[in-house]
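For reference, the chains in residue letters:
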Amino acid sequence: MNDFSPDWLKLRESADVRARNRDVADVVSARFALRDQASVVDLGCGTGSNLRATAQLLPARQSWTLVDHDRALLAAAQRELTAWADRAELVDPAETPTAGVGYLPHALELTKGSLAIAVRFRELDLARELESALSEPVDMVTASALFDLVSEDFIRALARSVTKAGATFYTVMTCNGVQRWSPHRPADNQIQSAFQQHQMGDKGFGPAAGPLAASILAEEFRLSGYLITEGESPWRLGRNDRMLINEMVRGHAMAASETGLVDAKTIENWVKVQRTAAETGHLDVCAVPTAAVRF
C-alpha cells in the first residue's frame, strides 16, 4: 500500500473518524447552524472520507466539490459515496456544470438521512492549480491528512485564497510528529527521527512542512484576522487495529530506509517487534472569518 492508495485510505478511515477533535468539530457545526445550505471544497479528497465524516456538521442542503490529482481516487470516491448514501443518483453529464478546469463528466446527488448532498469531482494538480480549485464562491474549504505533505509556501497561498473568498477553513488529521509504540523499543526514536526527515521531503509541493504544518496554518489565518480553534486528534490504536498498526510499521521502516539515516540491521530488527498498540499525533484546525476581515 502507498499513502494515497484506496486500500490505505479505507484502512485508516475508521481511525480518522474516531480521532477527530469534537471541540473543533463543534465550532464548524456552530458556524453553519443558522444556514440552510453550504458549499464546500475538499482538497485532496481521496476516496471521499472527509465528506462522509463532515457532512453531519453541516446544513441539510450541501454542495461539495471533491478535488484530487488522481482520477482513480476520484472514481473510488464516487463508488464509496454511492455505497455510503441511502440514495445515490448519477447526474446526466449534460447537466453537470462545465465552467472551470478539470471537472469530470459526472456528478452525484446523494441522500443520507435528512441530508441532500450534491457532489462534483475535479481532477486538478493542487501544486499548480490551487487558484483554480478555489476559483468559485465557497462557504468552506476543507481537507484531511494533507497539510503535513505540502510546503510552507503552499500553506501561505492556501490561506490567502481562503481569506480572499471569506470562507471558513477546516482541516483534520494533520500530523504533529508524535509517535509512540507499545511495546517501546530503544530504536523507536531513531526510526521516528528518520521518518520525520523523510516526511519533510518534497512531495510535489516543495519541502514539506511536516509536523510544523498545523502551527503554520493557524498562524497564517490568525494574521489574516481569522479566529482559530485547534485541538488534538490522535490515533490511539489497540489490538483491534492490528492491520493499521502493521501497515504503519511497514511505512515507517520504508521511509527510514530511504533516508539512509538508519542501518539496515536496526530496521530489520525493529520491524520484527510485534506491536500491540500505537499512538500517532494529529491536530485539527478550524479558522473562521470575523467581521474585522476585509477583502
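Quick summary incoming for the structure in this document. Per chain, residue numbering runs from 1 following the sequence as it is written. At least 70 in pLDDT is required for a residue's local features to be given in this predicted model, at least 80 for side-chain atom pairs to be given and counted, and no such filter applies to totals for whole chains, interfaces and linings, which use all residues. With hydrogens and water set aside, each side-chain value is computed from the structure's full complement of heavy atoms.

1. Topic: the environment of Glu247
Mapped onto the elements of the fold, Glu247 is located in helix H9 (residues 242–259). Considering only alpha carbons, one finds Glu247 and Glu268, 21 residues apart in sequence, at a separation of 15 Å. A distance of 2.8 Å separates a polar atom in the side chain of Glu247 from a polar atom in the side chain of Arg250. Helical segments are the DSSP runs of H or I of at least four residues, strand segments are the runs of E of at least two, and each set is numbered from the N terminus. As used in this structure description, the phrase polar contact means that two N or O atoms lie within 3.5 Å; if the pair is within protein, one of them must be able to donate a hydrogen and the other to accept it, and residues adjacent in sequence are counted only when both atoms belong to side chains.

2. Here we look at the packing of helix H6 (residues 152–165) against helix H8 (residues 213–223)
Contact pair H6 / H8: the axes reach a minimum separation of 10 Å and the direction vectors enclose 35°. In this structure, H6 crosses over H8, and the sense of that crossing is right-handed. Each of Glu152, Ile155, Arg156, Leu158, Ala159, Val162 and Thr163 in H6 lies in contact with H8, whose residues at this interface are Ala213, Ile216, Leu217, Glu220 and Phe221. Split by residue class, the contact of H6 with H8 holds eight nonpolar, one polar and three charged. Between N-to-C directions, angles cover 0 to 180 degrees, with each direction set by a line fitted to C-alpha atoms, over the stretch in contact for helices. Handedness of a crossing is defined here by the sense of rotation of the near helix relative to the far one, left-handed for an anticlockwise turn of less than a right angle and right-handed for a clockwise turn. Contact criterion: two residues are considered in contact whenever any of their non-hydrogen atoms come within 4.5 Å of each other. Ten residues, namely Ala, Val, Leu, Ile, Met, Phe, Trp, Tyr, Cys and Pro, are considered nonpolar, four, namely Asp, Glu, Lys and Arg, are considered charged, and the remaining ones, Gly among them, are considered polar.

3. Digging into the side chain of Thr171
Within the secondary structure layout, Thr171 lies in strand S7 (residues 168–182). On the basis of relative accessibility, which here comes to 0%, the residue Thr171 falls in the buried class. A distance of 3.1 Å separates a polar atom in the side chain of Thr171 from the backbone oxygen of Ala143. Once you skip the residues sitting within four places of it in the chain, Thr171 turns out to touch Ala143, Ser144, Phe147, Leu217, Leu283, Asp284 and Val285. Note on exposure labels: buried denotes an accessible area under 20% of the residue type's maximum, exposed denotes more than 50%, and partly exposed covers the range between, all computed with a 1.4 Å probe on protein chains only.

4. What to know about the packing of aromatic side chains
Working definition: rings of Phe, Tyr and Trp (its six-membered ring) pair if their centres are within 6.5 Å, and the pair is stacked with planes under 30 degrees apart, edge-to-face with planes over 60 apart, and tilted otherwise. In this structure the tally under the stated criterion is six aromatic pairs. Between Phe221 and Tyr226 the ring centres are 5.3 Å apart and the planes differ by 50°, which places this aromatic pair in the tilted class. For the pair Phe221 and Tyr226, a shared accessibility class is recorded, and that class is buried. A connected cluster of aromatic rings, assembled from ring pairs, spans Phe147, Phe169, Phe221 and Tyr226. Over a ring means this: the NZ of a Lys or the CZ of an Arg is within 6 Å of the ring centre and within 35 degrees of the ring normal. When the ring centre of Tyr103 is taken as origin, the NZ or CZ atom of Arg122, which lies over that ring, is 4.4 Å away.

5. Describing the side chain of His282
The residue His282 is located in strand S10 (residues 277–288) in this model. Judged by its relative accessible area of 2%, His282 is buried. Within the local environment of His282, its side chain forms a polar contact with the backbone oxygen of Thr280, the two atoms lying 3.4 Å apart. Setting aside residues up to four positions removed in sequence, His282 forms contacts with Arg12, Met173, Thr174, Cys175, Asn176, Gly231, Glu232, Ser233, Pro234 and Trp235.

6. Looking at unusual backbone geometry
For the bond running from Ser182 to Pro183, omega is 0°, close enough to zero to count as cis. Tracing the chain through its elements places Pro183 in the loop between S7 and helix H7 (188–199). With phi around 55°, Ala145 is a residue other than glycine that occupies positive phi space. The topology assignment puts Ala145 in the loop between strand S6 (140–144) and H6.

7. Describing the pattern of salt bridges
Salt bridges are defined as contacts in which a side-chain nitrogen from Lys or Arg sits within 4 Å of a carboxyl oxygen from Asp or Glu. Taken as a whole and judged by the stated rule, the model has 19 salt bridges. Ionic pairing is found between Arg180 and Glu279, a salt bridge with its closest N-O pair at 3.2 Å. Placement of the pair is Arg180 in strand S7 and Glu279 in strand S10, with a sequence separation of 99 residues. Owing to a relative accessible area of 48%, Arg180 belongs among the partly exposed residues under this scheme. A salt bridge links Glu219 to Arg222; its shortest N-O distance comes to 3.4 Å. Separated by three residues within a single helix, Glu219 and Arg222 lie in helix H8, roughly one turn from each other.

8. Let's talk about the environment of Glu129
With respect to the element layout, Glu129 can be found in helix H5 (residues 126–133). Considered as a pair, Glu129 and His69 are 60 residues apart in the sequence and their alpha carbons are 9.9 Å apart. Beyond its immediate chain neighbours, meaning those up to four positions away, Glu129 contacts Val101 and Leu124.

9. Some details on H5
Burial in H5 covers these residues: Leu126, Leu130, Ser132 and Ala133. Contacts from the buried residues of H5 go to strand S1 (37–43), strand S2 (61–68), strand S5 (115–123) and H6.

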